[in-house]
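Architecture at a glance
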Amino acid sequence: MRTRTTGTASRLSGFVWAGVAGIVAAAAFLAAAEVVALLAGPTASPLLAVGSFVIDIAPQWLKEFAISTFGAYDKVALLAGLTLAVVIAAAIAGILEYLRPPLGILAFVVAGGLSLAATLTRAGTGAFAFLGPLAGTIAAAITIFLLARRLRAADRVATGGEDAAGPDRRGFFRLAGIAAASALVVGAGSRILSGVMTSITAAREALRIPDPRSRVTVPEGAKLDVEGISPLFTPNGDFYRVDTALTVPEVDPASWRLVVDGMVDRRVELSFDDLVGMGLDEYSITLTCVSNEVGGGLVGSARWLGVPVRDVLATAGVSADADMVLSRSIDGYTASTPLDALTDDGRDAIFAVAMNGEPLPLEHGFPVRMVVPGLYGYVSATKWVTELKVTTFAEDEAYWTPRGYAAEAPIKMSSRIDTPRSGTPVSAGTVAVAGVAWAQTVGIERVEVRIDEGGWQSARLSAPVNEDTWVQWVLEWDAEPGTHYITVRAIDAEGNMQIEERAPIAPNGSSGWQRTLITVNGGAAPVARPWTSVDG
Ligand SMILES: Nc1nc2c(c(=O)[nH]1)N[C@H]1C(S)=C(S)[C@@H](COP(=O)(O)O)O[C@H]1N2
Ligand SMILES: [Mo]
């Protein structure tokens, strides 16, 4: 005999299992879409399409929050959040189908429609991209239909007085298990297979880049030997990465083309071999992100092998009325670069194909990206670049322009303290205060350091590689026990002082002098006042 209590318990467990059924159906959706994406092209993968869509429509403050909170893991956080949302929504759809069929199926159809919309709005989707979400929706609808039906049948058996673990509930578990297992196998299998099939990594390893005509000369004294200072050239593995791409675009150098069109005499199309055949040289350039806070890490230096953009533009013949070049990436990202910055003889704007002695890493734009000294990355450093449209600022707008960032954005001179670090106490005595400073296209003349409210002292600079590359600086400090503020500022080769006034990263880059609070151990340390604010 069943009592009222077990009846309620069975109802409750019915809800739970209906939720599980919804999640299994969602897994079936993803697995079916994934296996179809294998044939229809990688952009048909619905979770990633929805993720990319979210990145594009997310308000600017949210993106800034994500970058500042999760740093390089911002995309991992996005995917985790998205997965959680999908799991919750799927469980609700399962319960709906259990209580009010076919509301659950309807929910999956709506979700399928949304993911279809997200997929179709991706740049570079193939003609069959719709097949992924379609297959997913069908798989999910069938799964949820069958599972919820079993669950309801099991309830009827239970209310009819039979044991709830009777044949129908067993049937539900069997079916749910089979569906979940096959979703897992099919989903994971196609992911792995697609990794093997589109092995851009192999293409990159096989790529032979011709020797450059010239190499960067690194002068004696260009590298200071200080523990904790940023290396002169940032190793590729440590180089910051910023882009809107949820998955790294896979561009085969064999089929890569660069198109130059717009306000030109003739449209030009170059293959990878055509480009590197124009003659490679090595350039040392420090790249900086507009999102870099004062003292932040979104800046790095590398030796790039590249071809001047001006040489490529010259083959197309640029109209005198143009004032901007809109560079476009394979994934649809665009940047607006002033035409002058690309054609000036004095500025080494390049198409880069190699970074620190190897082909561009995939996440840094393989096989070809732009690098323009003196302009923030978002207005110049287009990765996976495939098109240059010669145009005007009046006519065209780049990705970040309607999202709260300036259409033109030269890099603001800045200086950074690498060591000592706030939060890592040092011992009293001689302490090397050191870091880097950059003023691309002009060069750093002097770096000055102030301890507490003392006078400004000139730091020793490394020998500059060129005006486009940061310099290292160091100051020996006789540190006394206690807490101390260290402030740094730079002066460029034209005598300009680094801007003291603080500015946020939007709309055109942060400014201000970095000030850091350092604890020096040893002796009787004065007690730090708790109300002292830590700045920078
Ligand atoms: N295709 C593409 N290129 C891009 C971006 C992007 O989102 N997509 N971001 C730009 C920004 S904001 C910066 S700061 C630099 C960063 O280059 P890195 O990731 O190699 O350091 O790339 C630029 N090029
Ligand atoms: Mo950036």
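In case you missed it, the structure is sitting above this.
Just so you know, these numbers come straight off a predicted model, no measurement behind them.

1. So, the sheet that holds strand β2 (residues 268-271)
The 5 strands lie next to each other as β2-β1-β10-β5-β6, forming an open sheet whose pairing is mixed. Looking along the sheet, the strands with just one partner apiece sit at the ends: β2 and β6 (334-338). When strand polarity is set aside, the average angle formed by the axes of neighbouring strands in this sheet is 20°. Where strand β1 (residues 257-262) meets β2, 4 bridges bridge the pair, whose relative direction is antiparallel. Bridged to Leu-258 within β2 is Leu-270. Together, β1, β2, β5 (324-329) and β10 (385-391) form the strand contacts of helix α10 (residues 309-316), whose direction differs from that of β1 by roughly 60°.

2. Focus: the site of ligand 1
Around ligand 1, 19 residues are found, and the nearest of them are Tyr-240, Thr-244, His-364, Arg-369 and Lys-383. Residue Val-242 places a main-chain N or O atom 3.1 Å away from an oxygen atom belonging to ligand 1. Ala-381 is positioned such that a nitrogen or oxygen atom in its backbone is 2.9 Å from a nitrogen atom of ligand 1. When its residues are assigned to classes, the shell around ligand 1 shows 9 nonpolar, 5 polar and 5 charged.

3. Some points on unusual backbone geometry
What you tend to see is this: most non-glycine residues have negative phi, and most peptide bonds are trans. Looking along the chain, the bond that leaves Phe-366 and enters Pro-367 is cis, with omega of 5°. Tracing the backbone shows Pro-367 in the loop between β8 (358-359) and β9 (369-371). Non-glycine residue Trp-384 carries a positive phi angle of around 50°. Considering the arrangement of structural elements, one finds Trp-384 in the loop between β9 and β10. With a phi angle near 50°, Asp-452 is a residue other than glycine that sits in the positive phi range.

4. Focus: the side chain of Ser-380
Within the secondary structure, Ser-380 is located in the loop between β9 and β10. With residues near it in sequence (within four places) discarded, Ser-380 still touches Ala-335, Thr-337, Met-370, Val-372 and Leu-375.

5. Quick look at the packing of helix α4 (residues 74-99) against helix α5 (residues 103-120)
Interhelical geometry of α4 versus α5 gives an angle of 145° and a closest axis separation of 6 Å. Across the interface between the two elements, Ala-90, Ala-93, Leu-96 and Glu-97 of α4 pack against Leu-103, Gly-104, Ile-105, Ala-107 and Phe-108 of α5. Within the contact of α4 with α5, the residues separate by chemical class into 7 nonpolar, 1 polar and 1 charged.

6. Description of empty space enclosed by the protein
Counted by the stated rule, this structure contains 1 cavity of 30 Å³ or more. In this structure, the largest cavity encloses a volume near 70 Å³. Taken together, Thr-288, Cys-289, Asn-292, Glu-293, Val-294, Tyr-376, Ile-411, Lys-412, Ser-414, Trp-438, Ser-510 and Ser-511 make up the lining of the largest cavity. Taken together, the residues of the lining of the largest cavity break down into 5 nonpolar, 5 polar and 2 charged. When we break the lining of the largest cavity down by domain, the ones giving at least three residues each are domain 2 (236-403) and domain 3 (414-521).

7. Comments concerning the side chain of Asp-281
Turning to its location among the elements, Asp-281 is positioned in strand β3 (residues 281-288). At 2.7 Å, the side chain of Asp-281 and the side chain of Ser-214 are in polar contact. Contact partners of Asp-281, with chain neighbours within four places excluded, come to Pro-212, Arg-213, Ser-214, Trp-304, Leu-305 and Gly-306.

8. Let's talk about a positive patch on the surface
A cluster of basic side chains, namely Arg-149, Arg-150, Arg-170 and Arg-174, defines a positive patch on the protein surface. Elements with a minimum of two residues in the positive patch: α6 (131-159) and α7 (167-197). Within the secondary structure, Arg-150 sits in helix α6. Take Arg-150: its relative accessible area is 32%, and that puts it in the partly exposed class.

9. Some remarks on the nonpolar core
Within the largest apolar cluster, 78 residues are counted, with the highest numbers of intra-cluster contacts made by Val-260, Leu-275, Trp-304, Leu-313, Phe-351, Tyr-378 and Leu-388. Looking at which domains feed residues into this core, each of domain 2 (236-403) and domain 3 (414-521) gives three or more. With near-sequence residues (within four places) excluded, Val-260 lies in contact with Arg-266, Arg-267, Val-268, Val-312, Leu-313, Ala-316, Leu-388 and Val-390. Membership of the second largest hydrophobic core comes to 22 residues, among which are Ala-439, Ile-444, Trp-477 and Val-488.

10. Describing the pairing of strand β7 (residues 350-355)
Most of β7 is tucked away: 6 of the 6 residues are buried. Pairing of strand β4 (residues 299-308) with β7, which is carried by 5 bridges, proceeds in the antiparallel orientation. Of the residues in β7, the one forming a bridge with Gly-306 is Ala-352. Alignment of β7 against β8, held across 2 bridges, turns out to be antiparallel. Across the sheet, Met-355 pairs through a bridge with Glu-358, a residue of β8. Joining the antiparallel neighbours β7 and β8 is a turn of 2 residues, in which Asn-356 adopts a positive phi near 50°.

11. Considerations on the pattern of salt bridges
Summed over the entire model, instances satisfying the criterion amount to 15 salt bridges. Among the salt bridges present, the one from Glu-387 reaches Arg-328, with a minimum N-O distance of 3.3 Å. On the criterion of sequence distance, the pair formed by Glu-387 in strand β10 and Arg-328 in strand β5 is long-range, its members being 59 residues apart. Classification of Glu-387 by relative accessible area gives buried; the value is 17%. Put simply, Glu-448 and Arg-446 hold a salt bridge, and the shortest N to O gap is 3.0 Å. Assessed through its relative accessible area of 8%, Glu-448 is described here as buried.

Rules used in this analysis
Residues numbered from 1 in each chain as written. Chains lettered and ligands numbered in written order. Predicted model: local features only at pLDDT ≥ 70, side-chain atom pairs only at ≥ 80, totals over all residues. Heavy atoms only, no water. Pairing = 2+ DSSP bridges. Helix = DSSP H or I, 4+ residues; strand = E, 2+ residues; numbered from the N terminus. Axes fitted to C-alpha atoms, helices over the stretch in contact; angles between N-to-C directions. Contact = heavy atoms within 4.5 Å. Near = heavy atom within 4 Å. Polar contact = N/O pair within 3.5 Å; in protein donor to acceptor, adjacent residues only side chain to side chain. Nonpolar A, V, L, I, M, F, W, Y, C, P; charged D, E, K, R; others polar. 1 Å grid on protein atoms, 1.4 Å probe; cavity = no way out; pocket = protein on both sides within 12 Å on 5 of 7 lines; lining within 4 Å. Points joined across faces, edges and corners; volume = space filled by probe spheres on them. Domains from an automatic or database assignment. Patch = residues over 30% accessible without salt bridge, like charges linked within 9 Å, V, L, I, M, F, W, Y side chains within 5 Å. Areas by Shrake-Rupley, 256 points an atom, 1.4 Å probe, with all protein chains shown as cover. Salt bridge = Lys/Arg side-chain N within 4 Å of Asp/Glu carboxyl O. Lys, Arg positive; Asp, Glu negative; His and termini not counted. Charge placed at Lys NZ, Arg CZ, Asp CG, Glu CD. Buried < 20%, exposed > 50% of the residue type's maximum accessible area, 1.4 Å probe, protein only. Core = buried A, V, L, I, M, F, W, Y, C linked by side-chain atoms within 4.5 Å.

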